[in-house]
Amino acid sequence: MSTAFSQIFDSAWSIFMVVLFFGGSIFVHELGHFLAAKWRGLHIERFSIGFGPRLFGWKRNGIDYRVSLLPLGGYVALPQLADMRGIEGESSADMEKMEPISYASKVIVAVAGAVFNVLFAFGLATLLFFTGQPTDERQNSVEIGYISKSLVNEDGVSVPSPSSQAGLKEGDIVRSIDGKPVENWTDIHQSIAISSGISGDGRRKIDFEIERNENVQQVTVFPIISQYLKTRQVGLGPGYTVIITKLADNSPATKSSILPQDTLIEIDGEPIRSIEFFRNAIADKAGIPVSLVLKRGEENIETTVTPESVEIRKDGTRSTLIGIGEYTTNADLAYVNPFEQIKQATITTWETLGALFNSQSDINLSHMSGPAGIIRIFYNSAQYDFLFVIWLTLLININLAIFNLLPIPVLDGGHILFATISKIKKKALPPNLV
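Notes on the structure in this doc start here. (Residues numbered from 1 in each chain as written. Predicted model: local features only at pLDDT ≥ 70, side-chain atom pairs only at ≥ 80, totals over all residues. Heavy atoms only, no water.)

Quick notes on the overall build of the protein chain
Assigned secondary structure in the protein chain consists of 12 helices and 22 strands. Every one of the 434 residues in the protein chain was classed for burial, and the buried ones make up 42%. When contacts within the protein chain are restricted to residue pairs at least 6 apart in sequence, long-range pairs at least 24 apart make up 64% of them. In the structure as shown, the protein chain presents an accessible area of about 23500 Å², 57% of it carried by carbon and sulfur atoms. (Helix = DSSP H or I, 4+ residues; strand = E, 2+ residues; numbered from the N terminus. Buried < 20%, exposed > 50% of the residue type's maximum accessible area, 1.4 Å probe, protein only. Contact = heavy atoms within 4.5 Å. Areas by Shrake-Rupley, 256 points an atom, 1.4 Å probe, with all protein chains shown as cover.)

Description of the packing of aromatic side chains
Inspection of every chain in the model, using the stated rule, returns 9 aromatic pairs. Measuring from ring centre to ring centre gives 5.4 Å for Phe129 and Phe130, while their planes differ by 70°; the resulting arrangement is edge-to-face. Taken together through their ring pairs, the aromatic side chains of Phe27, Phe34, Phe47, Trp58 and Tyr65 make up a single cluster. Over the aromatic face of Trp39 sits the side chain of Arg40, whose NZ or CZ is 5.2 Å from the ring centroid. The ring of Phe222 has Arg203 lying over it, and the distance from NZ or CZ to the ring centre is 3.7 Å. (Phe/Tyr/Trp six-rings, centres within 6.5 Å; stacked < 30°, edge-to-face > 60°. Lys NZ or Arg CZ within 6 Å of the ring centre and 35° of its normal.)

Regarding the sheet that holds strand S7 (residues 173-177)
Taking strand neighbours across the sheet as the criterion, the 4 strands line up as S8-S7-S9-S10 in an open arrangement whose pairing is antiparallel. Strands with a single pairing partner mark the edges of an open sheet, and in this sheet they are strand S8 (180-181) and strand S10 (215-221). The pairing of S7 with strand S9 (residues 206-212) spans 4 bridges and is classified as antiparallel. Residue Ile173 lies in a different strand from S9, and its bridge partner there is Glu211. (Pairing = 2+ DSSP bridges.)

Observations regarding the pairing of strand S14 (residues 242-247)
The pairing of S14 with strand S15 (residues 263-267) spans 2 bridges and is antiparallel. Within the sheet, the bridge partner assigned to Val242 lies in S15 and is Leu264.

So, helix H3 (residues 103-131)
Its 29 residues place the ends of H3 42 Å apart at the C-alpha level, agreeing with the 42 Å of an ideal helix rising 1.5 Å per residue. At Ala112, H3 shows its maximal kink, close to 35°. Looking at H3, one finds that the buried residues are Ser105, Val109, Ala110, Ala112, Gly113, Ala114, Asn117, Ala121, Leu124, Ala125 and Leu128. At the C-terminal side of H3, Gly132 shows a positive phi close to 95°. (Expected span 1.5 Å × (residues − 1). Bend = angle between axes of the 7 residues up to and from the residue.)

A closer look at the side chain of Ser274
Tracing the backbone shows Ser274 in the loop between strand S16 (270-271) and helix H8 (275-282). By relative accessible area, which is 0% here, Ser274 ends up buried. Of note is the side chain of Ser274, whose polar atom sits 2.9 Å from the backbone oxygen of Gly145. Of note is the side chain of Ser274, whose polar atom sits 3.4 Å from the side chain of Glu276. Those residues in contact with Ser274 that sit more than four places away from it in its chain are Gly145, Tyr146, Pro238, Tyr240 and Val242. (Polar contact = N/O pair within 3.5 Å; in protein donor to acceptor, adjacent residues only side chain to side chain.)

A short note on the nonpolar core
Of all hydrophobic cores here, the largest spans 21 residues; its most connected members are Ile342, Leu394 and Ile398. Counting residues per element, the ones that place at least two in this core are helix H1 (2-40), H3, helix H9 (338-356) and helix H11 (386-404). It is H11 that contributes the most residues to this core, 7 residues altogether. (Core = buried A, V, L, I, M, F, W, Y, C linked by side-chain atoms within 4.5 Å.)

Comments concerning the pattern of salt bridges
Applying the stated criterion across every chain, the model contains 14 salt bridges. A salt bridge links Arg232 to Asp362; its shortest N-O distance comes to 2.7 Å. Taken as a pair, Arg232 in strand S12 (residues 232-233) and Asp362 in the loop between H9 and helix H10 (371-382) lie far apart in primary sequence, 130 residues in all. For Arg232, a relative accessible area of 0% corresponds to the buried category. (Salt bridge = Lys/Arg side-chain N within 4 Å of Asp/Glu carboxyl O.)

Some points on the environment of Lys285
Mapping Lys285 onto the fold places it in the loop between H8 and strand S17 (290-296). Judged by relative accessible area, which is 22%, Lys285 ranks as partly exposed. Taking the C-alpha atoms as reference, Lys285 lies 9.2 Å from Leu321; in sequence the two are 36 residues apart. Once residues lying within four places of it in the same chain are set aside, the contact partners of Lys285 are Asp268, Val290, Pro307 and Thr320. A distance of 3.3 Å separates the side chain of Lys285 from the backbone oxygen of Ala281, its partner in a polar contact. Polar contacts involving the side chain of Lys285 include one to the side chain of Asp284, which spans 3.4 Å.

Here you go:
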């Protein structure tokens, strides 16, 4: 019963987080439009919290304030700014009797939504500056902790991994990718995914600068498009400390006096750089004793364990294991000033946009998360860490600000574009166009 209650509580909490932070981000955007419209004297038809059918509300000074059925965000209906009846419902306003609004008012109202998103993001960044942004060794690492032997490409064919083919090794320190310095694994992952290099013979390529044994080297890797992510991948993972947190009962690990909270240090004299590295090291060692060095407190302990081949699926698939049920790594909190947080979120968004419009990049619209995808990310994140939800909301608000200012019809940038065209032509555009 307690487990079921816990699951229900977790789900309810995650849904609340989605409504509060994802819905709140859209609400803040629309609040910016609303306040700017009131300041500039525009006719406001309605201000809705949520979308869909009206549940309840009130009218004041001719404005219909309402709470609608779907509580994710909201909208402000401004018939003088744009014809949005397809999204916001029919308007009772007689446009012919309304005075046209100035170009300055159109731009101010259109930009206000993005401005409020940035202000909201700055407030969240300030909060994270004082609480600390959750992070761990995996995220902060620039050390290669694992090189996969193969990857599955977009055609579903298993091929040698580009990293192994290029000669990258576990323990290499990544300094830059395509000439851009990297500071953590997020930078590395992002740089690989949005890279757009093409070699002279037409192959995709990425230029790595690495440090190996204190020597800096240039390595060219020829990435593939992965089957699942549909982006450039090279088959490497970060290096980090592996701390055992749970062991399977009656497993080789428990029989070898390994304990929870032990840190994996070495296997057969090789430094253990990640759990993936460790699994690869024992993959062909079923029934063969291997020597381990563990750290327990301040003491290093040597032991021997014999991995076992275990059936892990009903189809007969087997894997070589020692019984590590769960593991973690060293967690940390990063205290980054708000301006730097906003800067990094802006750079990430801008680089993704640049890759989207780069003909040599493999990023396209299918890689962009729509509302459903973003809601799913929020839902999952809420079960992980509240501070991570705050950071994600910050990133989403910067995304909303930048994307909404793109000169695309329906978006705020489209309204600004049409207002600018109208001003240059000195002639109003058709209402159903703007």
